[in-house]
Amino acid sequence: MADENISETAQFAPDVVAAVLAHMNDDHADDSLLICRTLGGRPDATAAVMTGFDHEAATFDVSVPDGVAGVRLAWDRPVRDRADVRVAVVAMFRAAQERSGAPS
């Protein structure tokens, strides 16, 4: 079921994207790596950098033995604002912890 309140072309403001990416990459690189290894199907990843996001998904570049690969992971629901992104990233991280058996 499509959410009629979110435009197919809607985007986040550049300052919001920059702030979220800086926070994720500066403070949560290990969390991004766990997410990409377990939910992104890249158990061979040695590093992960969040490169963007939209209302439907987060995107990462992961370092793998052959170079760098892109990973796009859908949120568990559409996100509308920065606070929603935070909630969705936390949900994604908790799902990755659960799947991997990592301690909370």
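Further up the page is the structure itself.
Residues numbered from 1 in each chain as written. Predicted model: local features only at pLDDT ≥ 70, side-chain atom pairs only at ≥ 80, totals over all residues. Heavy atoms only, no water.

**A closer look at the overall build of the protein**
Consideration 1: Helix and strand content of the protein: three helices and three strands.
Consideration 2: A buried classification covers 33% of the 104 residues belonging to the protein.
Consideration 3: Accessible area for the protein stands at about 6,400 Å²; split by element, carbon and sulfur atoms hold 50% of it. (Helix = DSSP H or I, 4+ residues; strand = E, 2+ residues; numbered from the N terminus. Buried < 20%, exposed > 50% of the residue type's maximum accessible area, 1.4 Å probe, protein only. Areas by Shrake-Rupley, 256 points an atom, 1.4 Å probe, with all protein chains shown as cover.)

**Considering the sheet that holds strand β1 (residues 47–53)**
What holds strands together in a sheet is hydrogen bonding between their backbones, with the strands either parallel or antiparallel.
Consideration 1: With antiparallel pairing, the three strands of this open sheet are ordered in space as β1-β2-β3. Single-partner strands in this sheet number two, and they are β1 and β3 (67–74). Ignoring which end each strand starts from, the neighbouring axes of this sheet average 25° apart.
Consideration 2: Inspection of the sheet shows β1 paired to strand β2 (residues 57–64) by six bridges, in the antiparallel sense. If you follow F53 over to β2, its bridge partner there is A58. (Pairing = 2+ DSSP bridges. Axes fitted to C-alpha atoms, helices over the stretch in contact; angles between N-to-C directions.)

**A few points about the nonpolar core**
Consideration 1: Core analysis: the largest hydrophobic core is formed by 27 residues, its most contacted members being V20, M50, F53, F60, V62, W75 and V85.
Consideration 2: Counting residues per element, the ones that place at least two in this core are α1 (14–27), α2 (29–38), β1, β2, β3 and α3 (82–100).
Consideration 3: The element contributing the most residues to this core is α3, with five residues.
Consideration 4: Leave out the neighbours within four places in its chain, and F53 touches F12, V16, V17, V20, L21, A58, T59, W75 and V85. (Core = buried A, V, L, I, M, F, W, Y, C linked by side-chain atoms within 4.5 Å. Contact = heavy atoms within 4.5 Å.)

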